[in-house]
Amino acid sequence: MAQPQPEAESAAPLPRPTLESVAERAGVSRATASRVINGGTGVREPLREKVQKAVEELGYVPNLAARTLVTRRNQAVAVVVAEPESRLFSDPFFAQHLRGISRELSAADNQMVLLFIEDQQDYQRVGRYLAGGHVDGALLFSLHQSDPLPEMARRVGLPTVIGGRPGWPGAESDRELVYVDSDNRGGARTAVQHLRSLGRTRIATITGPLDQTSSMDRLDGYRDLLPDGDSALIAVGDFTPEGGRRAMAELLERRPDLDAVFAASDQMASGALHVLRTHGRTVPDDVAVVGFDDVESIAAWTEPPLTTIRQDIEEMGRLMARLLLRRLNTPPPNPSPPPPSSPPPA
């Protein structure tokens, strides 16, 4: 008769590897192991490889708090979007932009902290966070006129890169200001020139919100080629499909004879296409339409496929992150040495 076996005792958890155990396995001093793990310099490559091998073999995970004390870096970057959360998650433009940022930061072992601006009260909350030492720098985009975010970041000494051409007074002459943008004005000119090449003469435009420089630049590009254009052919949108629908309906009511539309975003162009279809206008036979952005989930799926001005949205996000990381990794210039003191009187 089989005898009952005693229950096996659960294995005790193995102790977490320490910096000392990594140093011992690699055959180096604790200080050398610490420099390698925390990204320090001045370690010969053979020793660096030994420490890295020991880290992998032991499964050592650095203590982030200790690393921060050594490097004075949080390995985290704030991405502040001056739009409501609902807008960000419904607009594929932002998804492509954030994908570029996230990939570049992840490749550099940095975390992305995403912050939104829903209303005026959020500026105080975001300002406190940026001033609290939680992140090493900030990426700011979709800024509107007189947005306080850049000044808030400057006031606390936080390295910053801005998405979009800044439009506040003095921005163009600020040598410390770093931003990433496309040639919005040139792109708009290309769109209108294309419509004119099709023989269209009554070309309307749907602008983005006019408190953003990208919208103003695209409107200026439209006006560059149509300086004497009819103001009734200009309608203001908001970079959303619903804004495109409202603006397109407004244009048709004012100028039912229009034969072309330049929409300042693919989102608005998709809304305009819907309204034209419901009004019995065929595209491109009755009305030719050009968008802006080449958002991958819009341009190829509209009916008919949308003609659009391409900008590399994901690469813009990557470039923003790359420029910020470069600023963070560039040591500040050495301060000038103090002047020699005068000898004491005899």
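This write-up is about the structure you can find in this document.

Conventions used here
- Residues numbered from 1 in each chain as written.
- Predicted model: local features only at pLDDT ≥ 70, side-chain atom pairs only at ≥ 80, totals over all residues.
- Heavy atoms only, no water.
- Helix = DSSP H or I, 4+ residues; strand = E, 2+ residues; numbered from the N terminus.
- Buried < 20%, exposed > 50% of the residue type's maximum accessible area, 1.4 Å probe, protein only.
- Contact = heavy atoms within 4.5 Å.
- Areas by Shrake-Rupley, 256 points an atom, 1.4 Å probe, with all protein chains shown as cover.
- Pairing = 2+ DSSP bridges.
- Axes fitted to C-alpha atoms, helices over the stretch in contact; angles between N-to-C directions.
- Expected span 1.5 Å × (residues − 1).
- Arc of directions from axis to C-beta.
- Core = buried A, V, L, I, M, F, W, Y, C linked by side-chain atoms within 4.5 Å.
- Salt bridge = Lys/Arg side-chain N within 4 Å of Asp/Glu carboxyl O.

1. Quick look at the overall build of the chain
Per the secondary structure count, the chain includes 13 helices and 10 strands. Counting only residues that meet the buried cut, the chain has 45% of its 346 residues in that class. Here the contacts in the chain between residues at least 6 apart in sequence split such that 67% fall between residues at least 24 apart. For the chain, the accessible area works out to roughly 19400 Å², and carbon and sulfur atoms hold 52% of it.

2. Notes on the sheet that holds strand β4 (residues 160-163)
Read across the open sheet, the five strands follow the order β2-β1-β3-β4-β5; overall the sheet is parallel. Strand pairing shows two members of the sheet lacking a second neighbour, β2 (111-116) and β5 (179-180), which therefore form its edges. Direction of pairing for strand β3 (residues 137-141) relative to β4: parallel, over a ladder of four bridges. Opposite alanine 138, over in β4, you have threonine 160 as the bridge partner. Together, β1 (76-81), β2 and β3 form the strand contacts of helix α7 (residues 121-131), whose direction differs from that of β2 by roughly 155 degrees.

3. Let's talk about the sheet that holds strand β9 (residues 288-293)
Strands sit in the order β7-β6-β8-β9-β10 across an open sheet of five strands; the sheet is parallel. Each end of this open sheet is capped by a strand with a single partner; those strands are β7 (234-236) and β10 (307-310). Averaged over neighbouring strand pairs, the angle between their axes works out to 20 degrees when direction is ignored. Lying on the sheet, helix α10 (residues 213-225) is in contact with β6 (203-207), β7, β8 (260-263) and β9; it crosses β6 at an angle near 170 degrees. Sitting on the sheet, helix α12 (residues 266-278) is in contact with β6, β8, β9 and β10, with an inclination near 160 degrees to β9.

4. As for helix α11 (residues 241-254)
Here α11 is 14 residues long and its end C-alpha atoms lie 20 Å apart, about the 20 Å a rise of 1.5 Å per residue gives. All of the buried residues in α11 are Gly243, Gly244, Ala247, Met248, Leu251 and Leu252. Along the axis of α11, the buried positions cluster into a sector of 160 degrees, meaning they face one direction only. Against the buried residues of α11 lie β6, β7, β8 and α12.

5. Topic: the nonpolar core
In terms of nonpolar packing, the biggest core is built from 38 residues, with Ile206, Tyr222, Met248, Leu258 and Phe262 touching the most fellow members. Those elements that provide at least two residues to this core are α9 (184-197), β6, α10, β7, α11, β8, α12 and β9. Ranked by residues supplied to this core, first place goes to α12 with six residues. Residues within four places of phenylalanine 262 in sequence aside, it is in contact with Ala188, Ala191, Val192, Leu195, Ala204, Thr205, Ile206, Arg218, Val290, Gly291 and Phe292. Of all hydrophobic cores here, the second largest spans 24 residues; its members include Val81, Leu88, Leu324 and Leu328.

6. Side note on the pattern of salt bridges
A full pass over the atoms with the stated rule returns 25 salt bridges. With its nearest N and O atoms 2.8 Å apart, the salt bridge here joins aspartate 224 to arginine 189. Pair noted here: aspartate 224 is in helix α10 and arginine 189 is in helix α9, with a separation of 35 residues, a long-range link. Exposure remark for arginine 189: the relative accessible area of 32% places this residue in the partly exposed category. Arginine 246 is the salt-bridge partner of glutamate 242, the closest N and O atoms lying 3.9 Å from each other. Here the residue glutamate 242 and the residue arginine 246 both occupy positions in helix α11, the gap between them amounting to four residues, near one helical turn. Overall, the relative accessible area of 37% leaves glutamate 242 in the partly exposed class.

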